[in-house]
Amino acid sequence: MLILASASPRRRELLTQAALSFTVEAADLNEERLPDEAAAAYVQRLAVEKAQAVWNRHRAADAASDPLIVLGADTAVVSEGNILGKPSNAADARRMLQLLSGRTHAVLTGLAAVTRKGVKSEVEITQVTFNVIAPAEIDQYVASGEPLDKAGAYAIQGYAARWIPRIEGCYFNVVGLPIARTIALLAEAEAGLAS
(Lines give C-alpha, C1' and ligand atoms only; values in the text may rest on other atoms or scores of the structure.)
Protein backbone atom coordinates (compact mmCIF):
# COMPACT_ATOMS: atom_id res chain seq x y z
CA MET A 1 0.00 0.00 0.00
CA LEU A 2 1.62 3.22 -1.21
CA ILE A 3 0.44 6.72 -0.28
CA LEU A 4 1.87 9.84 -1.92
CA ALA A 5 2.01 12.56 0.75
CA SER A 6 1.66 15.43 -1.72
CA ALA A 7 -1.06 17.52 -3.31
CA SER A 8 1.08 18.11 -6.42
CA PRO A 9 -0.74 17.08 -9.61
CA ARG A 10 2.65 16.78 -11.34
CA ARG A 11 3.92 14.23 -8.80
CA ARG A 12 0.67 12.30 -9.16
CA GLU A 13 1.09 12.26 -12.97
CA LEU A 14 4.71 11.12 -12.74
CA LEU A 15 3.94 8.23 -10.36
CA THR A 16 1.08 7.19 -12.62
CA GLN A 17 3.43 7.35 -15.61
CA ALA A 18 5.78 5.02 -13.70
CA ALA A 19 2.89 2.52 -13.43
CA LEU A 20 2.69 2.63 -9.64
CA SER A 21 -0.54 1.98 -7.76
CA PHE A 22 -1.03 4.56 -5.01
CA THR A 23 -3.41 6.91 -3.24
CA VAL A 24 -2.82 10.58 -2.49
CA GLU A 25 -3.09 12.51 0.76
CA ALA A 26 -1.48 15.88 1.38
CA ALA A 27 0.28 16.35 4.71
CA ASP A 28 -0.64 20.05 5.16
CA LEU A 29 2.41 21.08 7.19
CA ASN A 30 4.10 24.36 7.97
CA GLU A 31 6.73 24.57 5.21
CA GLU A 32 8.74 27.48 6.59
CA ARG A 33 12.49 27.17 6.38
CA LEU A 34 14.41 27.02 9.65
CA PRO A 35 16.98 29.76 10.34
CA ASP A 36 20.24 29.09 8.43
CA GLU A 37 18.84 25.81 7.04
CA ALA A 38 20.67 24.74 3.87
CA ALA A 39 18.49 24.09 0.81
CA ALA A 40 19.26 20.36 0.68
CA ALA A 41 18.52 19.94 4.39
CA TYR A 42 15.29 21.95 3.97
CA VAL A 43 13.79 19.85 1.15
CA GLN A 44 14.89 16.60 2.80
CA ARG A 45 13.39 17.61 6.16
CA LEU A 46 10.08 18.59 4.56
CA ALA A 47 9.91 15.35 2.56
CA VAL A 48 10.46 13.34 5.76
CA GLU A 49 7.96 15.40 7.78
CA LYS A 50 5.26 15.08 5.09
CA ALA A 51 5.72 11.32 4.77
CA GLN A 52 5.89 10.81 8.55
CA ALA A 53 2.71 12.85 9.16
CA VAL A 54 0.70 10.83 6.64
CA TRP A 55 2.19 7.52 7.83
CA ASN A 56 1.18 8.35 11.40
CA ARG A 57 -2.42 9.01 10.26
CA HIS A 58 -2.62 5.61 8.53
CA ARG A 59 -0.38 3.44 10.72
CA ALA A 60 -3.35 1.26 11.73
CA ALA A 61 -3.65 0.15 8.09
CA ASP A 62 -0.07 -1.19 8.06
CA ALA A 63 -0.15 -4.99 7.79
CA ALA A 64 2.50 -7.65 7.24
CA SER A 65 0.62 -8.85 4.14
CA ASP A 66 0.19 -5.31 2.76
CA PRO A 67 2.78 -3.01 4.33
CA LEU A 68 2.18 0.72 4.31
CA ILE A 69 4.78 2.89 2.56
CA VAL A 70 4.34 6.66 2.45
CA LEU A 71 6.30 8.72 -0.07
CA GLY A 72 7.04 12.36 0.72
CA ALA A 73 8.68 14.87 -1.59
CA ASP A 74 9.54 18.54 -1.59
CA THR A 75 11.13 20.58 -4.36
CA ALA A 76 12.95 23.91 -4.22
CA VAL A 77 14.67 26.04 -6.81
CA VAL A 78 17.96 27.58 -5.65
CA SER A 79 19.53 30.54 -7.43
CA GLU A 80 22.53 32.48 -6.15
CA GLY A 81 21.94 31.02 -2.67
CA ASN A 82 18.26 32.05 -2.61
CA ILE A 83 15.62 29.35 -2.14
CA LEU A 84 12.72 30.08 -4.46
CA GLY A 85 9.54 28.33 -3.43
CA LYS A 86 6.12 28.96 -4.92
CA PRO A 87 5.56 32.66 -5.60
CA SER A 88 3.18 34.47 -3.26
CA ASN A 89 1.73 36.60 -6.09
CA ALA A 90 2.41 37.83 -9.64
CA ALA A 91 5.03 40.37 -8.53
CA ASP A 92 6.91 37.63 -6.65
CA ALA A 93 6.76 35.36 -9.73
CA ARG A 94 8.19 38.20 -11.86
CA ARG A 95 11.02 38.72 -9.31
CA MET A 96 11.90 35.02 -9.36
CA LEU A 97 11.97 34.81 -13.16
CA GLN A 98 14.20 37.89 -13.30
CA LEU A 99 16.58 36.13 -10.87
CA LEU A 100 16.67 33.00 -13.06
CA SER A 101 17.04 34.85 -16.37
CA GLY A 102 20.44 34.27 -18.01
CA ARG A 103 21.73 32.05 -15.19
CA THR A 104 22.10 28.43 -14.13
CA HIS A 105 20.23 27.39 -11.01
CA ALA A 106 19.71 24.16 -9.07
CA VAL A 107 16.48 22.25 -8.54
CA LEU A 108 16.55 20.11 -5.40
CA THR A 109 13.96 17.50 -4.52
CA GLY A 110 13.96 15.83 -1.15
CA LEU A 111 12.49 12.32 -1.14
CA ALA A 112 11.42 10.22 1.84
CA ALA A 113 9.88 6.77 2.15
CA VAL A 114 8.43 5.97 5.58
CA THR A 115 7.59 2.44 6.74
CA ARG A 116 7.21 0.75 10.13
CA LYS A 117 10.98 0.03 9.89
CA GLY A 118 11.88 3.72 9.64
CA VAL A 119 12.73 6.38 7.08
CA LYS A 120 14.83 6.29 3.90
CA SER A 121 15.53 9.71 2.43
CA GLU A 122 17.69 11.41 -0.19
CA VAL A 123 18.05 14.55 -2.26
CA GLU A 124 18.20 14.77 -6.07
CA ILE A 125 19.85 17.82 -7.67
CA THR A 126 19.49 19.00 -11.27
CA GLN A 127 21.21 22.06 -12.78
CA VAL A 128 19.00 24.12 -15.11
CA THR A 129 20.29 26.87 -17.43
CA PHE A 130 17.99 29.70 -18.54
CA ASN A 131 18.52 32.01 -21.51
CA VAL A 132 18.05 35.73 -20.91
CA ILE A 133 14.29 36.38 -20.83
CA ALA A 134 12.90 39.67 -22.14
CA PRO A 135 10.87 41.60 -19.53
CA ALA A 136 7.81 41.59 -21.81
CA GLU A 137 8.03 37.81 -22.08
CA ILE A 138 8.21 37.49 -18.29
CA ASP A 139 5.09 39.66 -18.00
CA GLN A 140 3.26 37.54 -20.59
CA TYR A 141 4.22 34.32 -18.79
CA VAL A 142 3.17 35.63 -15.37
CA ALA A 143 -0.15 36.82 -16.84
CA SER A 144 -0.81 33.26 -18.09
CA GLY A 145 -1.00 32.09 -14.46
CA GLU A 146 1.22 29.05 -15.12
CA PRO A 147 4.08 30.12 -12.82
CA LEU A 148 1.94 30.93 -9.79
CA ASP A 149 1.86 27.44 -8.21
CA LYS A 150 5.35 26.30 -9.24
CA ALA A 151 8.57 26.38 -7.24
CA GLY A 152 10.80 28.98 -8.86
CA ALA A 153 7.80 30.34 -10.79
CA TYR A 154 8.16 28.11 -13.84
CA ALA A 155 7.18 24.75 -15.30
CA ILE A 156 9.90 23.11 -17.41
CA GLN A 157 7.19 21.03 -19.11
CA GLY A 158 5.22 24.18 -19.98
CA TYR A 159 5.85 27.49 -21.72
CA ALA A 160 9.16 28.04 -19.87
CA ALA A 161 10.74 25.17 -21.87
CA ARG A 162 11.48 27.75 -24.57
CA TRP A 163 14.05 29.45 -22.26
CA ILE A 164 15.93 26.31 -21.16
CA PRO A 165 18.73 25.31 -23.53
CA ARG A 166 20.35 22.84 -21.14
CA ILE A 167 19.88 20.81 -17.98
CA GLU A 168 22.35 18.58 -16.17
CA GLY A 169 20.68 15.77 -14.26
CA CYS A 170 17.18 14.35 -14.10
CA TYR A 171 14.54 16.16 -16.15
CA PHE A 172 11.72 14.64 -14.08
CA ASN A 173 13.30 16.13 -10.94
CA VAL A 174 12.60 19.58 -12.39
CA VAL A 175 8.99 18.57 -13.09
CA GLY A 176 8.71 17.63 -9.39
CA LEU A 177 9.74 14.01 -8.83
CA PRO A 178 12.90 12.21 -9.99
CA ILE A 179 11.22 9.00 -11.11
CA ALA A 180 14.21 6.62 -11.34
CA ARG A 181 15.51 7.71 -7.93
CA THR A 182 12.02 7.48 -6.44
CA ILE A 183 11.56 3.91 -7.71
CA ALA A 184 14.96 2.95 -6.26
CA LEU A 185 14.11 4.55 -2.90
CA LEU A 186 10.75 2.75 -2.74
CA ALA A 187 12.46 -0.56 -3.60
CA GLU A 188 14.97 0.04 -0.80
CA ALA A 189 12.15 0.78 1.67
CA GLU A 190 10.27 -2.32 0.57
CA ALA A 191 13.40 -4.46 0.92
CA GLY A 192 13.88 -3.08 4.42
CA LEU A 193 10.42 -4.35 5.37
CA ALA A 194 11.44 -7.91 4.48
CA SER A 195 14.48 -7.88 6.78
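Here is a short report on the structure shown in this document. (Residues numbered from 1 in each chain as written. Predicted model: local features only at pLDDT ≥ 70, side-chain atom pairs only at ≥ 80, totals over all residues. Heavy atoms only, no water.)

### A word on the overall build of the protein
Tallying secondary structure elements over the protein gives six helices and seven strands in all. Element order for the protein, N to C, with α for helix and β for strand: β-α-β-α-β-β-α-β-β-α-β-α-α. Radius of gyration (C-alpha) of the protein: 17 Å, near the 16 Å computed for a compact globule of 195 residues. In terms of its C-alpha atoms, the protein occupies a principal-axis envelope of roughly 55 × 35 × 25 Å. Looking at the protein as a whole, 48% of its 195 residues qualify as buried. Intrachain contacts of the protein at a sequence separation of at least 6 include 68% that bridge at least 24 residues. On the protein, roughly 9100 Å² of surface is accessible, and the fraction owed to carbon and sulfur atoms is 51%. If the 19 positive side-chain charges of the protein are averaged to one point and the 22 negative ones to another, these points end up 0 Å apart. (Helix = DSSP H or I, 4+ residues; strand = E, 2+ residues; numbered from the N terminus. Rg over C-alpha atoms; globule rule 2.2 N^0.38 Å. Buried < 20%, exposed > 50% of the residue type's maximum accessible area, 1.4 Å probe, protein only. Contact = heavy atoms within 4.5 Å. Areas by Shrake-Rupley, 256 points an atom, 1.4 Å probe, with all protein chains shown as cover. Lys, Arg positive; Asp, Glu negative; His and termini not counted. Charge placed at Lys NZ, Arg CZ, Asp CG, Glu CD.)

### A few points about helix H2 (residues 39–58)
When the terminal C-alpha atoms of H2 are compared, their 29 Å separation across 20 residues agrees well with the 28 Å that a helix rising 1.5 Å per residue should span. Against the buried residues of H2 lie strand E1 (2–5), strand E3 (69–79), strand E4 (82–84), strand E5 (104–115) and strand E6 (118–129). (Expected span 1.5 Å × (residues − 1).)

### Let's talk about the packing of aromatic side chains
Counted by the stated rule, this structure contains six aromatic pairs. Ring geometry for Phe130 against Tyr154: centres 4.8 Å apart, planes inclined by 70 degrees, an arrangement best described as edge-to-face. On the criterion of sequence distance, the pair formed by Phe130 in the loop between E6 and helix H4 (135–144) and Tyr154 in the loop between H4 and strand E7 (166–168) is long-range, its members being 24 residues apart. Relative accessible area serves as the criterion here: at 2%, Phe130 is assigned to the buried category. (Phe/Tyr/Trp six-rings, centres within 6.5 Å; stacked < 30°, edge-to-face > 60°.)

### What to know about the nonpolar core
Counting 40 residues, the largest nonpolar core has Leu97, Phe130 and Tyr154 as the members making the most contacts within it. Elements with a minimum of two residues in this core: E1, helix H1 (9–17), E3, helix H3 (90–100), E5, H4, helix H5 (171–175) and helix H6 (179–194). Contact partners of Tyr154, with chain neighbours within four places excluded, come to Val77, Leu97, Leu100, His105, Val107, Val128, Phe130, Tyr141, Pro147, Ala160, Ile164 and Val174. Listed in part, the eleven residues of the second largest apolar core include Ala47, Trp55, Ala112 and Val114. (Core = buried A, V, L, I, M, F, W, Y, C linked by side-chain atoms within 4.5 Å.)

### Observations regarding unusual backbone geometry
Not every positive phi belongs to a glycine, and Ala19 is a case in point at roughly 65 degrees. Along the polypeptide, Ala19 turns up in the loop between H1 and strand E2 (23–24). Of note in this structure, Glu80 is not a glycine but carries a positive phi near 50 degrees.

### Some points on the side chain of Glu37
Tracing the chain through its elements places Glu37 in the loop between E2 and H2. Taking the relative accessible area as the measure of exposure, Glu37 reaches 8% and is therefore buried. Of the polar contacts made by the side chain of Glu37, one reaches the backbone nitrogen of Leu34; its length is 2.9 Å. Within polar-contact distance, the side chain of Glu37 engages the side chain of Arg45 at 2.6 Å. When near neighbours in sequence (up to four residues on either side) are disregarded, Glu37 contacts Tyr42 and Arg45. (Polar contact = N/O pair within 3.5 Å; in protein donor to acceptor, adjacent residues only side chain to side chain.)

### A few points about the environment of Ile133
With respect to the helices and strands, Ile133 occurs in the loop between E6 and H4. For Ile133 and Ser101, which are 32 residues apart along the polypeptide, the C-alpha to C-alpha distance reads 5.5 Å.

### Section: the pattern of salt bridges
Evaluated as defined, the whole model comprises 15 salt bridges. Asp74 is paired through a salt bridge with Lys50; the nearest N and O atoms lie 2.9 Å apart. Note that Asp74 is positioned in strand E3 and Lys50 in helix H2, a separation of 24 residues in sequence. Each member of the pair, Asp74 as well as Lys50, carries the same accessibility label: buried. Within the structure, one salt-bridge network assembled from shared partners comprises Arg10, Asp149 and Lys150. (Salt bridge = Lys/Arg side-chain N within 4 Å of Asp/Glu carboxyl O.)

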